[in-house]
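Chain by chain, the residues run as shown.
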Amino acid sequence: MDYFLYLTQMCGIFMILAMGLNLINGLCGQFSLGHAGFWAVGAYTGAAFSVFTNLPLPGFIILLIACLLGFITAAIAGLIIGIPCLRLRGDYLAIATLGFGEIIRIIFMNMDSVGGPRGFTDIPKLSNLFWVYFFVVLSIIFCANLIRGGYGRAIISIREDEIAAESMGIQTFKYKTLAFCIGAGMAGLAGVLFAHTTQFISPNNFTFMWSVIILLMIILGGLGSISGAIIGAVILTLLPELLRLLGPTVSEWRMVIYSVLLILLMLAKPTGILGKKEITFSFGKKEKA
Amino acid sequence: MSEEFVFFLYDIATYLLNGITQGSIYALIALGYTMVYGIIKLINFAHGEFYMIGAFIGFYLITSGMPFVPALLIAMIGSGLVAVLIEWIVYRPIRSAGRISALITALGTSLFFQYAGQRVLGADPKAFPQAIKVKTYQIGEIYITNTQIIIFVSTILLMIFLWWLVNKTKIGKAMRATSFDMKAAQLMGINTNQIISFTFFVGAAFAGAAGVLVGLYYNTVEPMMGMIPGLKAFVAAVLGGIGIIPGAVIGGLVLGIAENLVVGLWVSTYRDAIAFAILILILLFKPAGILGENKKEKV
Amino acid sequence: MSQVLKTDAITMQFGGLTAVDSLSLEINQNDLIGIIGPNGAGKTTAFNMITGHYLPTKGNVFLNNEKINGVRPAVITQKGIARTFQNIRLFKDLTVLDNIRIAAHSRCEYGFFDSIFRTKKFKDYERKIEEEAISLLSIFKMQGYSDHLAKNLPYGMQRRLEIARAMATKPSLLLLDEPAAGMNPNETIELTKLIRWIRDEFKLAILLIEHDMRLVMEVCEKIYVLDYGKTIAVGTPSEIQNNPKVIEAYLGSEGVENE
């Protein structure tokens, strides 16, 4: 039962991560491979806050402050990385963000105060199902409202055609940075929740492979779709567990299956399950874009 | 000159030597990256895996008693053939779908080889047999091994061969034409699909050679060995100017030397961060690389 | 008439190639001016300098007497220059309405958090923008298409949408890059009327690049002719038609037709 609860929380955490990357990659069209780095920044910041300050406050208040700090720190990291990198396009941006993601991990590896390569232990278990899904709902509302307003449309126009967007008076660099920072911040938030769920984090939790898995989540669900990101997160969080049910051999092949899945998806249906569509609860109303 | 300073110079010389050896390996892998990028504008993430495959073919052949040189050649052909197969099954169908789709596919292919390799070949590192007896030569306080010399000389020979292939042969001319303008080359009667396959073959064969040489140098092979050198070779290719063949060599050597100097004189735990830091700096200040010309996107 | 745009001998060099050589344009309010010239004469490069996509190697660009070279394209658009593209660049996967609303976004009056919390200010302004967009679409005879995806429109309508989108930025100068490219004769005649009508209705200046000589001669009051980056003639349509230099540029000195 505990394990089931843990999995449900992990689903929520990955939903937030996937929605954040969807904002950068799916909506703004900026191909980032460094998402795990921002996840790490949030996780380490949040954990450091709750472990080192040890404030005499109720647990959930500490968690909320940690979440805020994690969001802000990761967003600042996003700003620092985004300002130089977002001038690059397409595959070059992908490689540069990959590089930064790895640098972040190597920095944590070299920080003895947070455990270095041994990992950060004894993080209080402040997160629970309620808080994870509280932030999931908050993220959904945030993203949905964003894309239904002018700022979201400006971000989407960059994905559609950056030169045309600039020519229509959209300061593309500003909006790219905005999307990048918010996406990074959301990854940071997910990191704080992750650290306070698992109670142990180490640099190996945040390898490049996880950036790829989060990317796979949003591609699977359909780049640019919030509901797609959520579905993708659920599928890829639960898939390893289902594979485990099929026997230990199958679960060992998990990453092989993921990589084949990724290739097949790109070859067969590059738009993912939902394409850019959203699942909405207002029946009969046609969703625009 | 104080004695300390002399030893410092010896240290520097040793770092340079190690840097050149390592840089040669990066250069060999980077060549394939740069050739494939030059011809179809794809960052072939799986390129590091061809290096791993070459190393393993070499490992099995030498373990079974084959001498070094034929093992090296068969390893090169083997990784070349795997690359041709991959290009045919995976990259060719995705070519028209855009660069990002192709990049993601390459990422998937890379992960596939890494993890399938772990399952099929075993995740533990394997000891690479000593195909050639190591001899150490001493010049003052500098030590140089025959494997280092072999790596450096093989790299130079392979470069010369590549230069000859691209600039002096008919197929090389076709490669240059395809990379310059694929459609026009097609109209001129060049079978561009064949040329692309050939490019993958040559690039992967070089990576395979690098794999065997690394096995010889570090005496160990493992399925994940391709990832980091693959990424670094990409950095080397960008550093030198992606798509430019001499650029890959320069980029590889610069990166190898820079890494060894930083590791030797400063801290070793940041070794893997150096390449990425260099990459980011070069992308920001001279995205076209050392030998490239800056181009502006057409409106 | 007040001056809208002035370029002061702008020059653009790419390596050794001089794409545009000392181009001096003067455009006043209500002007309708054309730039013509053979392929590769530097017309689009001139547009890219005016709109800030390229920084001129030499010379200055003034918009309403304010120097604008070195200013980012988006800011130039906000200051009043809008453009279309030679190869249509719509936001293809978005609706017609969104295409227009994006162009209106730079005048947005609500803040980021208004849009997240969907405040009254946000809702009021969104309603206003939508009404403006719909009335703009009906001006361009596209009412009823606002929910269509831009990529699904017929070609001629895509060209019109691109002009409508440019107009949504409320420009004082409109640059049209080959607006009639790919249109059939009927569509071109419609377009000719539309261009003139836009100028009269919105009281702005229009600068256009065009290969369709009928359209240029009919609609433009003044024409600049470029050849190999150099301005070889300036004048009214009838002056240009009889200018020997222009005829030579188009037909070649040996009379070989190349266009």
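The notes below deal with the structure included here. As the structure is a prediction and not an experimental result, all values here were calculated from the model.

Criteria and thresholds
- Residues numbered from 1 in each chain as written.
- Chains lettered and ligands numbered in written order.
- Predicted model: local features only at pLDDT ≥ 70, side-chain atom pairs only at ≥ 80, totals over all residues.
- Helix = DSSP H or I, 4+ residues; strand = E, 2+ residues; numbered from the N terminus.
- Rg over C-alpha atoms; globule rule 2.2 N^0.38 Å.
- Buried ≥ 20, exposed ≤ 12 C-beta atoms within 10 Å, placed from the backbone.
- Contact = placed C-beta atoms within 7 Å.
- Expected span 1.5 Å × (residues − 1).
- Pairing = 2+ DSSP bridges.
- Axes fitted to C-alpha atoms, helices over the stretch in contact; angles between N-to-C directions.

1. Quick word on the overall build of chain B
For chain B, the count of helices and strands is 11 helices and 4 strands. Computed over its C-alpha atoms, the radius of gyration of chain B comes to 19 Å, within 12% of the 19 Å expected for a compact globule of 299 residues. The dimensions of chain B, computed from C-alpha atoms along their principal axes, are 65 × 50 × 35 Å. Out of the 299 residues in chain B, the part that is buried amounts to 50%. Of the contacts formed within chain B by residues at least 6 apart in sequence, a portion of 76% connects residues at least 24 apart.

2. With respect to the overall build of chain A
A count of helical and extended segments in chain A gives 12 helices and 0 strands. Written out in order from the N terminus, the α and β elements of chain A read α-α-α-α-α-α-α-α-α-α-α-α. Taking 2.2 N^0.38 as the reference for a compact globule, 289 residues should give roughly 19 Å; the C-alpha atoms of chain A span a radius of gyration of 18 Å, in line with that estimate. Overall, chain A is about 50 × 45 × 35 Å in size when its C-alpha atoms are taken along their principal axes. Taking all 289 residues of chain A together, the buried fraction comes to 57%. Once local pairs closer than 6 in sequence are excluded, the contacts in chain A between residues at least 24 apart make up 80%.

3. A closer look at the interface of chain C and chain A
Each partner contributes residues to the interface: chain C has 29 residues there, and chain A has 24 residues. Taken together, the elements giving at least two residues each to the side of chain C that touches chain A come down to α2 (73-79), α3 (96-104) and α4 (112-117) of chain C.

4. Examining helix α2 (residues 47-63) of chain B
With 17 residues, α2 of chain B ought to run about 24 Å at 1.5 Å a step, and its terminal C-alpha atoms sit 25 Å apart, in line with that. With its phi angle positive at about 105°, G65 of chain B sits one or two positions after the end of α2 of chain B.

5. Section: the pairing of strand β5 (residues 58-63) of chain C
Residue and element names in this part refer to chain C. Direction of pairing for strand β1 (residues 3-14) relative to β5: antiparallel, over a ladder of 5 bridges. Note that in β5 the partner of T11 across the bridge is K58. Judged from the 2 bridges that link them, β5 and strand β6 (residues 66-67) form a sheet pairing that is antiparallel. The residue of β6 that forms the bridge with L63 is E66.

6. A look at the sheet that holds strand β8 (residues 173-177) of chain C
All names here are of chain C. Taken in spatial order, the 6 strands of this open sheet run β7-β8-β9-β4-β10-β11, and their pairing is mixed. The open sheet has two edge strands with one neighbour each: β7 (81-83) and β11 (230-235). Mean inter-strand twist for the sheet, computed between neighbouring axes without regard to direction, equals 20°. Sheet analysis places β7 next to β8, joined by 3 bridges and oriented parallel. Note that in β8 the partner of A82 across the bridge is L174.

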